[in-house]
Amino acid sequence: MLDVKDSVERLAWNTEHHFLHIQAQHEFMRAWAIQFELGYTDLRVIQVALQLAHPAQLALLHELTAAYHSVYQYEYAFVAGGLDGFNQQFGGQIAEYERAEKRLLSVLDQVKAVSD
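Here is a short report on the structure shown in this document. One numbering rule holds for all chains: residues counted from 1, following each sequence as written. Only residues with pLDDT of at least 70 get local features here, since the model is predicted, and only at 80 or more are side-chain atom pairs given and counted; chain-wide, interface and lining totals rely on the full set of residues. Excluding hydrogens and water, the side-chain values take into account all heavy atoms of the structure.

**Looking at the packing of helix H1 (residues 5-23) against helix H4 (residues 94-115)**
Helix-helix packing is characterised by the crossing angle of the two axes and by the distance between the axes.
Logical step 1: Lines fitted to C-alpha atoms define the axes, with helix axes restricted to the stretch in contact, and inter-axis angles between N-to-C directions lie between 0 and 180 degrees. Runs of E in the DSSP output that reach at least two residues are strands. Runs of H or I that reach at least four are helices, and both are numbered from the N terminus. Between H1 and H4, the least distance of the axes is 10 Å, while the angle of their chain directions is 165°. Relative to H4, the element H1 is oriented roughly antiparallel. For the crossing formed where H1 meets H4, the hand is left-handed. Contacts from Val8, Glu9, Leu11, Ala12, Thr15, Glu16, His18, Phe19, Ile22 and Gln23 in H1 reach Ile94, Tyr97, Glu98, Glu101, Leu104, Leu105, Leu108, Val111 and Lys112 in H4. Oblique is the label for any angle not under 35 degrees, not over 145, and not in the 65 to 115 range, which are roughly parallel, roughly antiparallel and roughly perpendicular in turn. Left-handed describes a crossing in which the near helix is turned anticlockwise from the far one by less than a right angle; the clockwise case is right-handed. Only heavy atoms enter the contact rule, under which two residues are in contact if any of them lie within 4.5 Å.

Right under this line is the structure:
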């Protein structure tokens, strides 16, 4: 499989820190949006590597994509509407967001184990 260690580490860092940022109710900042966009690029690099490893990693590819999309909805609400926009849409769903975040981190650990 292609070396995706850096992409996995960056996406995991973004996922964890973005959740903590929102959970702590910190305001939106430009760097956060840039990290969000770069995280998507890292996701795509990981997806390509898993696709090239087909069929051995097809299930992991699907799991990664689903887990990412679960987190994406929360992060996008923050990017698009700031803290107020996030809170209007998902303010009462921090526990669900945390479960999605933990799931993505777990899948990224699986990708890391396969890519070592």
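**Thoughts on empty space enclosed by the protein**
Logical step 1: A 1.4 Å probe that fits into a set of points on a 1 Å grid over the protein atoms alone but cannot get out defines a cavity; an open set with protein on both sides within 12 Å along at least five of seven lines defines a pocket, and lining residues are those with an atom within 4 Å of a point. Grid points are joined across faces, edges and corners, and a volume is the space filled by probe spheres set on the points. For the structure on display, the rule yields one cavity of 30 Å³ or more.
Logical step 2: Of the pockets and cavities examined, the largest cavity occupies roughly 40 Å³.
Logical step 3: Lining the largest cavity we find Leu11, Asn14, Thr15, His18, Gln35, Phe36, Gly39, Tyr68 and Glu75.
Logical step 4: Contributions of two or more residues to the lining of the largest cavity are made by H1, helix H2 (30-52) and helix H3 (58-90).

**Structural notes on the environment of valine 111**
Logical step 1: Among the secondary structure elements, valine 111 is positioned in helix H4.
Logical step 2: Think of it in three bands: with a 1.4 Å probe and only protein chains considered, a residue is buried below 20% of the maximum accessible area for its type, exposed above 50%, and partly exposed in between. A residue is classified by how much of its surface remains accessible, and valine 111, at 0% relative accessible area, is buried.
Logical step 3: For the pair formed by valine 111 and valine 4, sequence separation is 107 residues and the distance between their alpha carbons is 8.6 Å.
Logical step 4: Residue contacts for valine 111: discarding those within four places in its chain leaves Met1, Val4, Val8, Ile46, Leu50 and Leu60.

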